[in-house]
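One-letter residues, chain by chain:
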Amino acid sequence: MNKLKMLLAVSLIALVSACGSIPLTTMVKLMDMNPLEADPNQIVVAVKSPNGVSVNDGDVVLDFSFRTGEPESSFNHTFPVIVDSDYALPAELKDELENDEQFTVMRLSEADAKTMSAGQETIREYRRQHEEGGAGSINVRLVSACQSDEFTWHDSELDVYLKIDQTNEFLLFLDDIDLNDLVLKNGCS
């Protein structure tokens, strides 16, 4: 488990240096999280964006991988998260909004949540048989967004929040991601 936590930290640091910043308090909280105990059906991603920028299905991905010397115990999944328009935005996120901002809430599809859950079981089983074997990582990336004609460049930064389960609060996962660092699509509504 310590190797998994260390690889998670390294993945987070690599991601931060690439396209945004992660608050230190979030990094500490994530280090205490056990990714093998997280219920994939309860993972929620919320993206705060300026008006005129929308985040749609597949614009955020969750990467989940595990590597061993045994191909049958190794995997590398990239799950595109999908918009959950029925999710009631909690007060903790509403308080983060300015007048010209919005939140898009996203989750894993039912099929991807099952695949992730099966991957967690693969890791647990491998670890029962090999005390020090394997290395894993889990990561959330914002890869693209869509800008409409209403978008103005005065505020071109997005924030990504992550909630691991229903008992936890949303964590500011990535702060101030510049829209210029993303693949931009035009004309979205």
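In case you missed it, the structure is sitting above this.
Residues numbered from 1 in each chain as written. Predicted model: local features only at pLDDT ≥ 70, side-chain atom pairs only at ≥ 80, totals over all residues. Heavy atoms only, no water.

Participant: Just give me the short version of the overall build of the chain, but keep the residues and values in it.
Facilitator: Looking only at helices and strands, one finds four helices and eleven strands in the chain. Here the chain, with 189 residues, has 49% of them falling under the buried criterion. Considering only intrachain contacts with a sequence separation of at least 6, the fraction spanning at least 24 residues in the chain is 74%. For the chain, the exposed surface amounts to about 9500 Å²; the carbon and sulfur share of it is 49%. (Helix = DSSP H or I, 4+ residues; strand = E, 2+ residues; numbered from the N terminus. Buried < 20%, exposed > 50% of the residue type's maximum accessible area, 1.4 Å probe, protein only. Contact = heavy atoms within 4.5 Å. Areas by Shrake-Rupley, 256 points an atom, 1.4 Å probe, with all protein chains shown as cover.)

Participant: How would you sum up the nonpolar core? Please name residues and give values.
Facilitator: Grouped burial of nonpolar side chains is what soluble globular proteins tend to show. In terms of nonpolar packing, the biggest core is built from 34 residues, with Val60, Leu62 and Leu142 touching the most fellow members. Residue assignment for this core shows that the elements contributing at least two residues are strand S1 (44-50), strand S3 (60-67), strand S4 (75-80), helix H4 (110-129), strand S7 (135-142), strand S9 (157-163) and strand S10 (171-178). With sequence-adjacent residues up to four places away left out, valine 60 is seen in contact with Val45, Val47, Val55, Phe79, Pro80, Val81, Met106, Val140, Arg141 and Leu142. With eight residues, the next largest nonpolar core counts Ala46, Tyr87, Val105 and Phe170 among its residues. (Core = buried A, V, L, I, M, F, W, Y, C linked by side-chain atoms within 4.5 Å.)

Participant: Lay out the sheet that holds S4 in plain terms, naming residues and giving numbers.
Facilitator: Backbone hydrogen bonds are what pair the strands of a sheet, in a parallel or an antiparallel way. Strand order in the open sheet formed by three strands is S4-S3-S7, and the pairing between neighbours is antiparallel. Looking at which strands have only one partner, the edges of the open sheet turn out to be S4 and S7. Strand after strand, the sheet turns through a mean of 10 degrees between neighbouring axes, direction not considered. Pairing geometry for S3 and S7, over eight bridges, is antiparallel. From the neighbouring strand, aspartate 63 faces S7, where its bridge partner is asparagine 139. (Pairing = 2+ DSSP bridges. Axes fitted to C-alpha atoms, helices over the stretch in contact; angles between N-to-C directions.)

Participant: Explain the sheet that holds S1 residue by residue, including any values.
Facilitator: Across the sheet, which stays open at both edges, the five strands sit in the order S5-S6-S1-S9-S10 with antiparallel pairing between neighbours. The strands lining the two open edges of the sheet, one partner per strand, are strand S5 (82-83) and S10. Across two bridges, S5 lies against strand S6 (residues 101-107) in antiparallel orientation. Bridge pairing in S6 links isoleucine 82 to arginine 107.

Participant: Now, about the pairing of S1: what can you tell me, with residues and values included?
Facilitator: Extensive coverage of S1 is indicated by the burial of seven of its seven residues. With burial as the criterion, each face of S1 is covered, one bearing Val44, Ala46, Lys48 and Pro50 and the other bearing Val45, Val47 and Ser49. As paired elements, S1 and S6 share seven bridges and run antiparallel to each other. Residue pairing in the sheet places serine 49 in a bridge with glutamine 102 of S6. Here S1 pairs with S9 via five bridges, running antiparallel. Opposite lysine 48, over in S9, you have aspartate 159 as the bridge partner.

Participant: Hey, could you go over unusual backbone geometry for me, with residue numbers and the actual values?
Facilitator: Even without glycine at this site, aspartate 176 takes up a positive phi of about 60 degrees. Examined against the element boundaries, aspartate 176 turns out to sit in strand S10.

Participant: Now, about the packing of aromatic side chains: what can you tell me, with residues and values included?
Facilitator: Each aromatic ring pair is characterised by the separation of its centres together with the angle its planes make. For the structure shown, the criterion picks out five aromatic pairs. A centroid spacing of 5.2 Å and a plane angle of 55 degrees characterise the contact between phenylalanine 64 and phenylalanine 75, whose relative ring orientation is tilted. Residue phenylalanine 64 is located in strand S3, and its partner phenylalanine 75 is located in strand S4; the two are separated by eleven residues in the primary sequence. Accessibility expressed as a relative area gives 13% for phenylalanine 75, which makes it buried. Measuring from ring centre to ring centre gives 6.3 Å for phenylalanine 66 and phenylalanine 75, while their planes differ by 35 degrees; the resulting arrangement is tilted. For phenylalanine 66, a relative accessible area of 0% corresponds to the buried category. (Phe/Tyr/Trp six-rings, centres within 6.5 Å; stacked < 30°, edge-to-face > 60°.)

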